Amino acid sequence: MLTKRLRNLTPYVAGEQPLDKKYIKLNTNENPYPPSPAVKELLGRYDADHLRLYPDPLFTRLRKTIAARFSVKPEQVFAGNGSDEILSFAFFAFFDSADGPLLFPEFTYSFYPVYCDFYGIEYGRIPLAEDFSIDSESYPGPGKSCGIVFPNPNAPTGMFLPLVKIRELLERYPGDRVVVIDEAYIDFGGESAVPLINQYGNLLIVQTCSKSYSLAGLRLGYALGNEELIKALFAVKDSFNSYTVDTLAQKIAEAAIADEDYYGKVNQMVVRTREYFTGELQKIGFDVLPSMANFVLARKKGIEGRTIYSRLKEEGILVRHFDKPGLKDFVRITIGLPGDMEILLQKLREKVVP
Ligand SMILES: *Cc1c(COP(=O)(O)O)cnc(C)c1O
């Protein structure tokens with residue numbers, strides 16, 4: 001009954017969203033602050049009659065808003081049902097392992113190998129440097145490759161690769177092979193590579209409203225790049241589902257992306273909490289990777305990530321652990337409200353690492 005194609009897939013496992021009780025949820029990198037007041041105001045006065053019609057398949061107004069925010073042309077902007085969808089379209093449109101494997105870091109967003117299997121793209125994992133940073137010098141490495149994809153900051157390390165390194169990589173990489181930079185966490189202290197898209201026609205930047213815009217439930221991502229790359233993404237979308245972004249999602253994202261002041265403040269609070277929390281973790285003997293994201297990856301000698309995870313879950317706090325060799329020692333902790341981070345620190349001191 002099932003195709004071989006399907007039987008050969010190993011789906012991505014999303015972070016837990018348990019419904020059994022109320023947890024302090026620090027496992028899926030959601031923003032602890034509410035969306036912009038402009039979003040609530042919009043929802044309050046929204047006329048449901050608009051939903052009678054199909055959405056605008058070109059996301060015209062939303063693309064204008066995003067283009068204005070980044071000082072690019074609307075033709076350089078694409079939108080999707082979450083950035084995961086855009087990544088999947090990009091894999092379909094740009095990566096063909098007849099030209100060599102797709103390259104990405106050894107430890108990175110675990111959806112990339114899933115899309116590769118889905119579309120039959122071979123891939124190569126490039127080891128991280130000893131300090132867990134992306135070793136940009138080792139890209140593209142010997143032999144051919146059909147493209148490169150990595151998050152910046154990387155997940156789950158949180159470590160940021162400076163733009164000079166990205167520029168160097170783009171300079172030595174063939175201009176007819178696409179480089180995708182997944183900037184899901186760029187608004188927590190990193191510097192976006194969007195200004196480079198005018199110079200490098202093979203660079204696609206993907207961002208999302210899920211983390212820094214407090215809208216994970218909305219499902220809205222967007223991509224910026226050369227007009228040809230954007231046209232290709234539209235071609236994939238229109239061969240699959242013309243209406244990936246619903247009318248309400250387009251409206252809400254527009255309102256959110258226009259409110260730079262609010263999100264600047266909110267994300268600054270997340271950054272301050274991250275810095276404080278990192279210091280406190282270090283005081284109780286944790287080794288914490290330097291993060292530019294809204295989470296930290298941390299480990300403590302003598303205790304596995306899985307153990308920390310289960311002890312915290314018993315205490316009503318969810319974090320993420322990894323069963324992969326090389327990441328077993330770590331837990332990934334989302335930065336939440338200051339009060340929740342205090343509760344977590346207290347539980348860690350009392351129950352986990354006494
Ligand atoms: C969260 C995340 C995404 C997916 O974001 P959505 O827009 O919610 O689909 C993409 N890439 C990375 C690295 C992420 O952590």
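Above this text is the structure in question.
Heads up: these notes are all about the structure in this document. (Residues numbered from 1 in each chain as written. Predicted model: local features only at pLDDT ≥ 70, side-chain atom pairs only at ≥ 80, totals over all residues. Heavy atoms only, no water.)

1. Here we look at the nonpolar core
What counts is decided by this rule: Residues belong to one nonpolar core when they are buried, are Ala, Val, Leu, Ile, Met, Phe, Trp, Tyr or Cys, and are joined through side-chain atoms within 4.5 Å. Classification of residues uses two cut-offs on accessible area relative to the type maximum, computed with a 1.4 Å probe and protein chains only: under 20% is buried, over 50% is exposed, and between them is partly exposed. In this description a helix means any DSSP run of H or I spanning at least four residues, a strand means any run of E spanning at least two, and both kinds are numbered starting from the N terminus. A contact between two residues is defined here by any heavy atoms of the two lying within 4.5 Å.
Membership of the largest hydrophobic core comes to 119 residues, with the highest contact counts inside it found for Leu204, Leu233 and Leu281. Among the elements that line this core, the one with the most residues is helix α9 (residues 260-283), at 7 residues. Not counting residues within four places of it along the chain, the set of residues in contact with Leu281 comprises Phe286, Val288, Val296, Ala298, Leu345 and Leu348.

2. Digging into the pattern of salt bridges
Heads up, the rule is: Between Lys or Arg on one side and Asp or Glu on the other, a salt bridge is scored when a side-chain nitrogen of the former is within 4 Å of a carboxyl oxygen of the latter.
Summed over the entire model, instances satisfying the criterion amount to 14 salt bridges. Arg274 is the partner of Glu275 in a salt bridge, and the nearest nitrogen-oxygen pair spans 2.8 Å. A relative accessible area of 45% means that Glu275 is categorised as partly exposed. A salt bridge links Asp323 to Arg306, with the nearest nitrogen and oxygen atoms 2.9 Å apart. Taken together, the positions of Asp323 in the loop between β12 (320-321) and β13 (330-334) and Arg306 in helix α10 (residues 305-314) put the pair 17 residues apart, joining distant regions of the chain. Under the relative-accessibility criterion, Asp323 is labelled partly exposed at 45%. The structure contains a network of salt bridges with shared partners spanning Glu280, Lys283 and Arg349.

3. Concerning the packing of α9 against helix α11 (residues 338-352)
Cut-off, in case you're wondering: With axes taken as lines fitted to C-alpha atoms, and helix axes fitted only over the stretch in contact, angles between N-to-C directions fall between 0 and 180 degrees. Oblique is the label for any angle not covered by the other classes, which are roughly parallel (under 35 degrees), roughly antiparallel (over 145) and roughly perpendicular (65 to 115). Lys, Arg, Asp and Glu make up the charged group, whereas Ala, Val, Leu, Ile, Met, Phe, Trp, Tyr, Cys and Pro make up the nonpolar group; the residues left over, Gly among them, are polar.
One can describe the packing of α9 onto α11 by two numbers: an axis separation of 11 Å at closest approach and a directional angle of 10 degrees. When the axis of α9 is compared with that of α11, the two are roughly parallel. Between α9, through Thr273, Tyr276, Phe277, Glu280 and Leu281, and α11, the contact on the second element is made entirely by Pro338, Met341, Glu342, Leu344, Leu345, Leu348 and Arg349. Of the residues contributing to the contact of α9 with α11, the split by class is 8 nonpolar, 1 polar and 3 charged.

4. Some details on the site of the ligand
Rules: Near is defined per residue: the residue qualifies when any heavy atom it owns lies within 4 Å of the molecule or strand. Throughout this description, a polar contact denotes any pair of N or O atoms lying within 3.5 Å of each other; where both atoms belong to protein, one of them has to be capable of donating a hydrogen while the other can accept it, and for residues adjacent in sequence the pair is counted only when both atoms sit in side chains. Where accessible areas are quoted, they stem from the Shrake-Rupley method and a 1.4 Å probe; at the residue level, only the protein chains shown are allowed to cover.
Surveying the vicinity of the ligand reveals the residues Gly82, Ser83, Asp84, Tyr109, Asp182, Ala184, Tyr185, Thr208, Ser210, Lys211 and Arg219. Take Asp84: an N or O atom from its main chain is 3.0 Å from an oxygen atom of the ligand. One nitrogen or oxygen atom from the side chain of Thr208 is found 2.5 Å from an oxygen atom belonging to the ligand. In isolation the ligand exposes 390 Å². Once the protein is present, 92% of that is buried. Of the residues contributing to the shell around the ligand, the split by class is 3 nonpolar, 4 polar and 4 charged.

5. Considerations on the layout of surface pockets
The criterion, for reference: Of the grid points, spaced at 1 Å and generated over the protein atoms alone, those admitting a 1.4 Å probe that cannot get out make up cavities, while open sets with protein on both sides within 12 Å along at least five of seven lines make up pockets; any residue with an atom within 4 Å of a point is treated as lining. Grid points are joined across faces, edges and corners, and a volume is the space filled by probe spheres set on the points.
Within this model, the largest pocket holds a volume of roughly 1,000 Å³. Forming the boundary of the largest pocket are 43 residues, of which Tyr12, Val13, Ala14, Tyr109 and Arg320 lie nearest the centre. Tallied by class, the residues present in the lining of the largest pocket amount to 18 nonpolar, 13 polar and 12 charged. In this structure, the second largest pocket occupies an estimated 320 Å³ of space. What lines the second largest pocket is a set of 16 residues, and nearest its centre among them are Ser88, Tyr115, Phe118, Tyr119 and Phe240. Counting only elements with at least two residues in the lining of the second largest pocket, the list comes to α4 (83-94) and α5 (111-119). Take the lining of the second largest pocket: its biggest share by element is 5 residues, from α5. When grouped by side-chain class, the residues that make up the lining of the second largest pocket number 12 nonpolar, 3 polar and 1 charged.

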